[in-house]
Amino acid sequence: MSNKVIAKLIAPDQTGSITHRCRQRRDEEFERRFPDLADMRVLDLGGTAISWRVLRLHPRSVTLVNLDQAAEPAESWMNVVQADACAGGFGKYDLVFSNSLVEHL
């Protein structure tokens, strides 16, 4: 299988990709558990803009905290912060989320 085909199979924003289908199931559960998500301020530790962009229901605002500079543009309802998530001091949020922060510790 070529790298191009593999990249298409796992692309998070490619409808029908393995990653997209897995995220879709996770997102459905997320929306079920947090039905008021559209009114919530979310702090995402170690997250990416694309993971929020592909949700059917967007939070009121999302602050993405990462060690590295954001490589992707954020939406108007997103704030990107380059910082150490362990440092804290990011303010008050309705929900703190981390999909894969543990792998970076």
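Not measured: the values here are computed from a predicted model.

With respect to empty space enclosed by the protein
Following the criterion strictly, the structure yields 1 cavity of 30 Å³ or more and no others. If you add up the space inside the largest cavity, you get close to 50 Å³. Arg-26, Asp-27, Phe-30, Ser-51, Trp-52, Leu-55 and Phe-97 together form the lining of the largest cavity. Looking at the lining of the largest cavity, the elements with two or more residues in it are α2 (18-33) and α3 (49-53). Looking at the lining of the largest cavity residue by residue, the classes come out as 4 nonpolar, 1 polar and 2 charged.

What to know about α2
Taking 1.5 Å per residue, 16 residues should reach 22 Å; α2 reaches 23 Å between its end C-alpha atoms and fits that length. Listing the buried residues of α2 in full gives His-20, Arg-23, Asp-27, Phe-30 and Glu-31. The buried residues of α2 all sit within an arc of 90° when viewed along its axis, so they share a single face. Among the exposed residues of α2, those pointing more than 90 degrees away from its buried face are Arg-25, Arg-32 and Arg-33. Against α3 and β4 (95-97) lie the buried residues of α2.

Brief notes about the nonpolar core
Leu-37, Val-42, Trp-52, Val-62 and Met-78 are the most contacted members of the largest nonpolar core, which totals 13 residues. Of all the secondary structure elements, the ones that give two or more residues to this core are α3, β2 (61-66) and β4. Contacts of Leu-37, omitting those with residues within four sequence positions, involve Phe-30, Val-42, Leu-55, Leu-57, His-58, Pro-59, Arg-60 and Leu-95. If you look at the next biggest cluster of nonpolar residues, it comprises 5 residues, including Leu-43, Leu-45, Val-65 and Tyr-93.

Remarks on the packing of aromatic side chains
Counted by the stated rule, this structure contains 4 aromatic pairs. Seen from their ring centres, Phe-30 and Phe-34 are 5.1 Å apart, and the 50° between their planes marks the pair as tilted. Judged by its relative accessible area of 11%, Phe-30 is buried. Looking at Phe-34, the relative accessible area reads 26%, which means it is partly exposed. When the ring of Phe-30 is compared with that of Trp-52, the centres are 5.8 Å apart and the planes differ by 70°; the resulting orientation is edge-to-face. Pair noted here: Phe-30 is in helix α2 and Trp-52 is in helix α3, with a separation of 22 residues, a long-range link. Accessibility expressed as a relative area gives 2% for Trp-52, which makes it buried. Taken together, Phe-30, Phe-34, Trp-52 and Phe-97 form an aromatic cluster joined through their ring pairs. Directly above the aromatic system of Tyr-93 lies the positively charged group of Arg-41, at a separation of 4.6 Å from the ring centroid.

What counts and how
Residues numbered from 1 in each chain as written. Predicted model: local features only at pLDDT ≥ 70, side-chain atom pairs only at ≥ 80, totals over all residues. Heavy atoms only, no water. 1 Å grid on protein atoms, 1.4 Å probe; cavity = no way out; pocket = protein on both sides within 12 Å on 5 of 7 lines; lining within 4 Å. Points joined across faces, edges and corners; volume = space filled by probe spheres on them. Helix = DSSP H or I, 4+ residues; strand = E, 2+ residues; numbered from the N terminus. Nonpolar A, V, L, I, M, F, W, Y, C, P; charged D, E, K, R; others polar. Expected span 1.5 Å × (residues − 1). Buried < 20%, exposed > 50% of the residue type's maximum accessible area, 1.4 Å probe, protein only. Arc of directions from axis to C-beta. Contact = heavy atoms within 4.5 Å. Core = buried A, V, L, I, M, F, W, Y, C linked by side-chain atoms within 4.5 Å. Phe/Tyr/Trp six-rings, centres within 6.5 Å; stacked < 30°, edge-to-face > 60°. Lys NZ or Arg CZ within 6 Å of the ring centre and 35° of its normal.

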